[in-house]
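Single-letter residue listing:
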Amino acid sequence: MPEAEQDARLRAIEKTAFFQMLRRHTLEGMLCDPLHGGNREMIGWQLIGYPGPRMSYREEIGQNPGEAWRRKPVSLADMVGHPVTGWEEEKN
């Protein structure tokens, strides 16, 4: 199949409800907090340089001027110091 036809078919698939759901679930699984069952070992966050849901970076300001700032991600469970109860456990 020529490249132009391949592109046209892919564009047509992008508009389907199934593809939209698949794309959304893929992004959520890759980029959500590991607490929710995806993003194992915070690999998705490391790929995009997201340090996790922190409230402040005040202690890091001015520590290494002129250097790129790449901090290892921290999940919600890491921030509170113990596993956070997920919604699955609350239903029981």
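Residues numbered from 1 in each chain as written. Predicted model: local features only at pLDDT ≥ 70, side-chain atom pairs only at ≥ 80, totals over all residues. Heavy atoms only, no water.

## Quick notes on the overall build of the protein
Heads up, the rule is: Per the convention used, a helix needs a DSSP run of H or I reaching at least four residues, while a strand needs a run of E reaching at least two, with both numbered from the N terminus. Residue exposure (1.4 Å probe, protein chains only): buried if accessible area is under 20% of the type maximum, exposed if over 50%, otherwise partly exposed. We call two residues in contact whenever any of their non-hydrogen atoms come within 4.5 Å of each other.
Scanning the protein from terminus to terminus reveals 5 helices and 0 strands. Along the protein, helices (α) and strands (β) appear in the sequence α-α-α-α-α when read from the amino end. The burial tally for the protein puts 16% of its 92 residues in the buried class. Sequence-distant contacts, at least 24 apart, represent 28% of the contacts inside the protein between residues at least 6 apart.

## Let's talk about the pattern of salt bridges
We apply this condition: One speaks of a salt bridge when a side-chain nitrogen belonging to Lys or Arg is within 4 Å of a carboxyl oxygen belonging to Asp or Glu.
Summed over the entire model, instances satisfying the criterion amount to 2 salt bridges. Of the charged contacts in the structure, one is a salt bridge between Glu-5 and Arg-9, with a shortest N-O distance of 3.4 Å. With Glu-5 and Arg-9 both in helix α1 (residues 3–14) and 4 residues apart, this pair spans about one turn of that helix.

## Some words on the side chain of Asn-39
When you line up the elements, Asn-39 lands in the loop between α2 (17–31) and α3 (43–48). The buried category is assigned to Asn-39, whose relative accessible area is 5%. Residue contacts for Asn-39: discarding those within four places in its chain leaves Gly-29, Met-30, Leu-31, Cys-32, Pro-34, Gly-44 and Trp-45.

## Digging into the side chain of Asp-33
The residue Asp-33 is located in the loop between α2 and α3 in this model. Filtering out sequence-adjacent residues up to four positions away, Asp-33 remains in contact with Gly-38, Trp-45, Pro-53, Ser-75 and Leu-76.

## A word on unusual backbone geometry
Phi angles above zero are rare outside glycine, and Asn-39 is one such case at about 50°. Even without a glycine there, the phi angle at Met-42 is positive, about 60°. With respect to the helices, strands and loops of the structure, Met-42 is situated in the loop between α2 and α3.

## Thoughts on a nonpolar patch on the surface
To keep it simple, the criterion reads: What makes a patch is a set of residues exposed beyond 30% relative accessible area and free of salt bridges, joined within 9 Å when like-charged and within 5 Å when nonpolar (Val, Leu, Ile, Met, Phe, Trp, Tyr). Each accessible area is a Shrake-Rupley result for a 1.4 Å probe, and residues are judged covered by the shown protein chains and nothing else.
Nonpolar side chains collect at one region of the surface, where Leu-27, Met-30, Leu-31, Ile-43, Leu-47, Ile-48 and Tyr-50 lie side by side and expose about 620 Å² of accessible area between them. Those elements that provide at least two residues to the nonpolar patch are α2 and α3. For Tyr-50, the position within the fold is in the loop between α3 and α4 (76–80).

## Description of the confidence of the model for the protein
Formally: Values of pLDDT, the confidence the predictor places in each residue, fall between 0 and 100.
Scored by pLDDT, the protein comes out at a mean of 81, with 86% of its residues at no less than 70. Taking the mean pLDDT of every element in the protein, the minimum, 52, falls on helix α5 (residues 87–91) and the maximum, 94, on α1.

## Regarding the packing of aromatic side chains
Threshold: Pairing of aromatic side chains requires ring centres within 6.5 Å, counting the rings of Phe and Tyr and the six-membered ring of Trp. Pairs whose planes differ by under 30 degrees are stacked, by over 60 edge-to-face, and all others tilted.
If you walk through the whole model with that rule in mind, you get 1 aromatic pair. Where Trp-45 meets Tyr-50, the ring centres are 5.1 Å apart and the plane angle is 85°; that geometry is what we call edge-to-face. Classification of Tyr-50 as partly exposed rests on a relative accessible area of 33%.

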